[in-house]
Each structure stands twice: as structure tokens, then as C-alpha cells.
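Observations on the three-dimensional arrangement
One-letter residues, chain by chain:
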Amino acid sequence: MINRKIIGAKDFKRRVKAKLMQVDKNIKDDDLYFSQTVRGYYMEYKPNYPQKSNGDFIVYQDLNGSISVYGNMDAIVLTIEKYEDIDDFEDNL
């Protein structure tokens, strides 16, 4: 059994936003959109909202704490990066 760190919506928003802005100084708070569903939390980066752009991506945490980053949204095959939990995401993004 994997011992994943599971965090709530408030921590997910705060920690993902902080990490994204640390990695790319061009990411602005106004370009990040949070949503919560029955299956987990999403943080979407949409710099040209409501239009699509090549820079759009999604950070998703499922209910087990796993995090996936989906990018290259217009391609036939999406780019997907997987992380064990929020700590793995912060350490390896």
C-alpha cells in the first residue's frame, strides 16, 4: 500500500498555485482556475481564457492524493505527468 499525502481543496489551491508560479514567473493568478468535482480537484492554467492556447494545462488531484498534469491539450495524444502526491509534485515538477 502506498502512503500518499492527501490534502484538501484549500491546501491544494495554495500549494499548486505557489509551485506553478515558482516554476514559471509568467503564470499569473488571474490565469488559474480552480474547480472541485466528486472525483477530485483541478487547477487549470488558461492564459487566453476563454480561448484555447498551446499553453493550457490542468493539474488534477484525485481522492487518493495522486496528482496528474495534463498538457498539450490539442494534440492527438495528451502529455501526462504523474506524481504520487503533493510532496512528489512540489519536489519534481
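The text that follows walks through the structure, step by step, so that each part is easy to find. (Residues numbered from 1 in each chain as written. Predicted model: local features only at pLDDT ≥ 70, side-chain atom pairs only at ≥ 80, totals over all residues. Heavy atoms only, no water.)

Turning to the packing of aromatic side chains, a few remarks are in order. One pass over the structure, following the stated rule, counts 7 aromatic pairs. Aromatic side chains Phe12 and Tyr41 sit 5.7 Å apart centroid to centroid with 35° between the ring planes, which places their arrangement in the tilted category. Here Tyr41 lies in strand S2 (residues 40–45) and Phe12 lies in helix H1 (residues 9–23), a separation of 29 residues in the sequence. By the burial criterion, Phe12 is buried, and Tyr41 matches it. Aromatic side chains Tyr83 and Phe89 sit 5.5 Å apart centroid to centroid with 85° between the ring planes, which places their arrangement in the edge-to-face category. In this pair, the class of Tyr83 matches that of Phe89, namely buried. (Phe/Tyr/Trp six-rings, centres within 6.5 Å; stacked < 30°, edge-to-face > 60°. Helix = DSSP H or I, 4+ residues; strand = E, 2+ residues; numbered from the N terminus. Buried < 20%, exposed > 50% of the residue type's maximum accessible area, 1.4 Å probe, protein only.)

Looking now at the sheet that holds strand S3 (residues 57–62). Pairing within the open sheet is antiparallel, and its 5 strands lie in the order S1-S2-S3-S4-S5. Each end of this open sheet is capped by a strand with a single partner; those strands are strand S1 (32–37) and strand S5 (79–83). The mean inter-strand angle of the sheet, taken between neighbouring strand axes irrespective of direction, is 15°. Bridge analysis of S2 against S3 gives 6 bridges, and the strand direction is antiparallel. By the bridge assignment for S3, Gly40 is matched with Asp62. (Pairing = 2+ DSSP bridges. Axes fitted to C-alpha atoms, helices over the stretch in contact; angles between N-to-C directions.)

Time to look at the pairing of S2. Remember that side chains alternate between the two faces of the sheet whenever the strand is regular. Summarising the sheet, S1 and S2 pair through 6 bridges and their orientation is antiparallel. Bridge assignment links Tyr33 to a residue of S2, and that residue is Glu44. Between the end of S1 and the start of S2, which pair antiparallel, lie 2 residues.

Within the fold, Asp56 resides in the loop between S2 and S3. Between the C-alpha atoms of Asp56 and Gln22, which are 34 residues apart in sequence, the distance is 17 Å. Asp56 has contacts with Tyr45, Lys46, Pro47, Gln51, Gly71, Asn72 and Met73, leaving out every residue within four places of it along the chain. (Contact = heavy atoms within 4.5 Å.)

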